[in-house]
Structure formats: structure tokens, C-alpha cells
Amino acid sequence: GESVGLHLPTLSVQEGDNSIINCAYSNSASDYFIWYKQESGKGPQFIIDIRSNMDKRQGQRVTVLLNKTVKHLSLQIAATQPGDSAVYFCAENIGNQGGKLIFGQGTELSVKP
Amino acid sequence: ETGVTQSPTHLIKTRGQQVTLRCSSQSGHNTVSWYQQALGQGPQFIFQYYREEENGRGNFPPRFSGLQFPNYSSELNVNALELDDSALYLCASSWDRAGTQYFGPGTRLTVL
């Protein structure tokens, strides 16, 4: 069935290093992808999004890459900081299903000082 | 902060009871989506409301129902609560049905 999955449930990095969080999706009809950051006790916070007609999009310290051939999405965080520690979710929107977002289980990012 | 607010923050109910959760959307947004997030899981889509009409529903039973008001705020109602309904309930607002969804802080529901 439809699913968005993450390759690694946890990721531990040193402060200042770059982080890469990966995500696989299974529905080729998906046309919009979003990365959210969720800190403990809070709601998901929008980080960056990308549409299926793009391969790459950059924000402040973050880059999202989309590979439609292998149905893979990644989030790169440059110069990771302790404040980046959180659970990161990728979410998928299937174009013919309105606003329904399908979330993966999440990757917990831990930044060591 | 997104400008999306939810109330209450926490709620404890017993099995069989009914609960109403509330969400105020961000200014300028006409769409509200509701999600259930179990501990350690990603959010699961319950339904979406656009201009006071339901616009899509996830795999949740009819005892989960909702409303959207003319000011675009929304309510989620759950009847006949079950233990498995214990979760974080999130609402997200967007400027349109397929627009970027911005989440509120959630309501933590515990069913005993």
C-alpha cells in the first residue's frame, strides 16, 4: 500500500557536522513532499517542501533532494546545531487525494556537543 | 510559532465518554486538517475541512467527526472513546486544500 518510510530510525551527529536524513516513498502519483521537525511535546514544524517537478530545493541551512526515479527524498542539514535535535518526518501528498499527508515513522536526530 | 492554536492542551477521559477538541486556524487560512499521532509514530490523517465542508477522510471510524465554522476554526469530536484513542491530536491549517499545512501544538488525550 501507500507508505512513506525512513531508512534510519535514529541518527547521531557531532555539532558542526552535516546531517542527512533519508526517506523512501512508494506512490508514484505523489506530487508534493514536506519535511517537518517535531520537538518533544510540540507539534510538527514545517522545514521545507518540494514539488515533484523539482529535484532540489534549498533553504536556510537545509536542502531537500528528490529522486523520482528511485522514489527517494533526503533532507540535508548543514552545520548541525544542538537546537536541531528533534524527530524529523517526511510527508507525502498524493495529488488526487486532496490535502491528505502521509507521514513516515520519523528519524530522531541527536546532536552531540 | 504558526498561529495555529488548540485547546485544551491535555485531557483525561474514561472509556465510553465523548470528547471535543478545538482548533483555531492561522489568519488567512480556510482549511483545517486533523491528525492523530500515537506515541512513537508519525501523524495519521483523520480528515480535512475546507470552507465548512469535509474534504477527504482517512481510515477512521464514524465516531470521529468534525465541524468547521464560518471563521474557519474547527472541532474534532470523538464518541465512545476507546483506550486506543489515547494519542496526540494535531490540527493543521493551510491557505487551501493542497497548501502547506502548519501545525498547532496538539492536544494530548488520555483515555483510561
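These remarks concern the structure in this document.

**A closer look at the overall build of chain A**
Here comes step 1: For chain A, the helix and strand inventory stands at 0 helices and 11 strands.
Here comes step 2: Listing each helix as α and each strand as β along chain A from the N terminus yields β-β-β-β-β-β-β-β-β-β-β.
Here comes step 3: In terms of its C-alpha atoms, chain A occupies a principal-axis envelope of roughly 45 × 30 × 20 Å.
Here comes step 4: For chain A, the share of sequence-separated contacts (at least 6 apart) that also reach a separation of at least 24 residues comes to 53%.
Here comes step 5: If you sum the accessible surface of chain A, you get close to 5,400 Å²; carbon and sulfur atoms cover 45% of it.
Here comes step 6: Chain A carries 10 positive and 10 negative side-chain charges, and their two centres are separated by 3 Å.

**Description of the interface of chain A and chain B**
Here comes step 1: Listed as interface residues are 18 residues of chain A and, on the opposing side, 19 residues of chain B.
Here comes step 2: Summed over the three residues of chain A that lose the most area to chain B, namely Pro44(A), Gly99(A) and Phe103(A), the buried surface amounts to 30% of that side.
Here comes step 3: There are 0 salt bridges connecting chain A and chain B.
Here comes step 4: There are 6 residue pairs in polar contact (both at pLDDT 80 or more) connecting chain A and chain B.
Here comes step 5: Mapped by element, the contributors of at least two residues to the side of chain A that touches chain B are β4 (30–38), β5 (45–51) and β10 (101–103) of chain A.
Here comes step 6: Classifying every residue of the side of chain A that touches chain B gives 7 nonpolar, 7 polar and 4 charged.

**Some thoughts on the packing of aromatic side chains**
Aromatic ring pairs are described here by two measures, namely the spacing of the ring centres and the angle between the planes.
Here comes step 1: Within the structure shown, the criterion is met by 12 aromatic pairs over all chains.
Here comes step 2: Centroid distance Tyr35(B) to Phe103(B): 5.4 Å. Interplanar angle 50 degrees. Geometry classified as tilted. Here Phe103(B) lies in strand β10 (residues 102–103) and Tyr35(B) lies in strand β4 (residues 31–37), a separation of 68 residues in the sequence.
Here comes step 3: Ring geometry for Phe60(B) and Phe64(B): centres 5.1 Å apart, planes at 65 degrees, overall edge-to-face. Neither residue differs from the other here; Phe60(B) and Phe64(B) are each classed as buried.
Here comes step 4: An aromatic cluster is built from Tyr36(A), Phe46(A), Phe89(A), Phe103(A), Tyr35(B), Phe45(B), Tyr102(B) and Phe103(B), whose rings are joined through pairwise contacts.
Here comes step 5: Sitting over the face of the ring of Tyr50(B), Arg97(B) holds its NZ or CZ atom 4.2 Å from the ring centroid.

**Regarding the side chain of Glu75(B)**
All names here are of chain B.
Here comes step 1: Structurally, Glu75 can be placed in strand β8 (residues 74–78).
Here comes step 2: Judged by relative accessible area, Glu75 falls into the buried class, the value being 15%.
Here comes step 3: Each residue touching Glu75, except ones within four places of it in the same chain, is listed here: Thr20, Leu21, Arg22, Trp34, Ser65, Gly66, Leu67 and Phe69.

**Points about the sheet that holds strand β1 (residues 5–7) of chain B**
Sheet strands line up and pair through hydrogen bonds in the backbone, either parallel or antiparallel.
All names here are of chain B.
Here comes step 1: Read from one edge of the open sheet, 4 strands run β1-β3-β8-β7, paired in antiparallel fashion. If you trace the sheet from one side to the other, it starts and ends with β1 and β7 (64–68), each paired once. Looking at each pair of strands side by side, their axes are set apart by 20 degrees on average, direction ignored.
Here comes step 2: Bridge analysis of β7 against β8 gives 5 bridges, and the strand direction is antiparallel. Looking at β8, one finds that Ser65 is bridged to Asn77.

**Looking at unusual backbone geometry**
Residues and elements named next belong to chain B.
Here comes step 1: Put simply, Ser7 and Pro8 share a cis peptide bond, and its omega is -10 degrees.
Here comes step 2: Phi is positive for Tyr72, close to 75 degrees, though the residue is something other than glycine.
Here comes step 3: Position of Tyr72 among the secondary structure elements: in the loop between β7 and β8.

Rules behind the numbers
Residues numbered from 1 in each chain as written. Chains lettered and ligands numbered in written order. Predicted model: local features only at pLDDT ≥ 70, side-chain atom pairs only at ≥ 80, totals over all residues. Heavy atoms only, no water. Helix = DSSP H or I, 4+ residues; strand = E, 2+ residues; numbered from the N terminus. Contact = heavy atoms within 4.5 Å. Areas by Shrake-Rupley, 256 points an atom, 1.4 Å probe, with all protein chains shown as cover. Lys, Arg positive; Asp, Glu negative; His and termini not counted. Charge placed at Lys NZ, Arg CZ, Asp CG, Glu CD. Buried area = accessible area lost by both parts, 1.4 Å probe. Salt bridge = Lys/Arg side-chain N within 4 Å of Asp/Glu carboxyl O. Polar contact = N/O pair within 3.5 Å; in protein donor to acceptor, adjacent residues only side chain to side chain. Nonpolar A, V, L, I, M, F, W, Y, C, P; charged D, E, K, R; others polar. Phe/Tyr/Trp six-rings, centres within 6.5 Å; stacked < 30°, edge-to-face > 60°. Buried < 20%, exposed > 50% of the residue type's maximum accessible area, 1.4 Å probe, protein only. Lys NZ or Arg CZ within 6 Å of the ring centre and 35° of its normal. Pairing = 2+ DSSP bridges. Axes fitted to C-alpha atoms, helices over the stretch in contact; angles between N-to-C directions.

In short, the description is geometric, and any link to function would need to be established separately.
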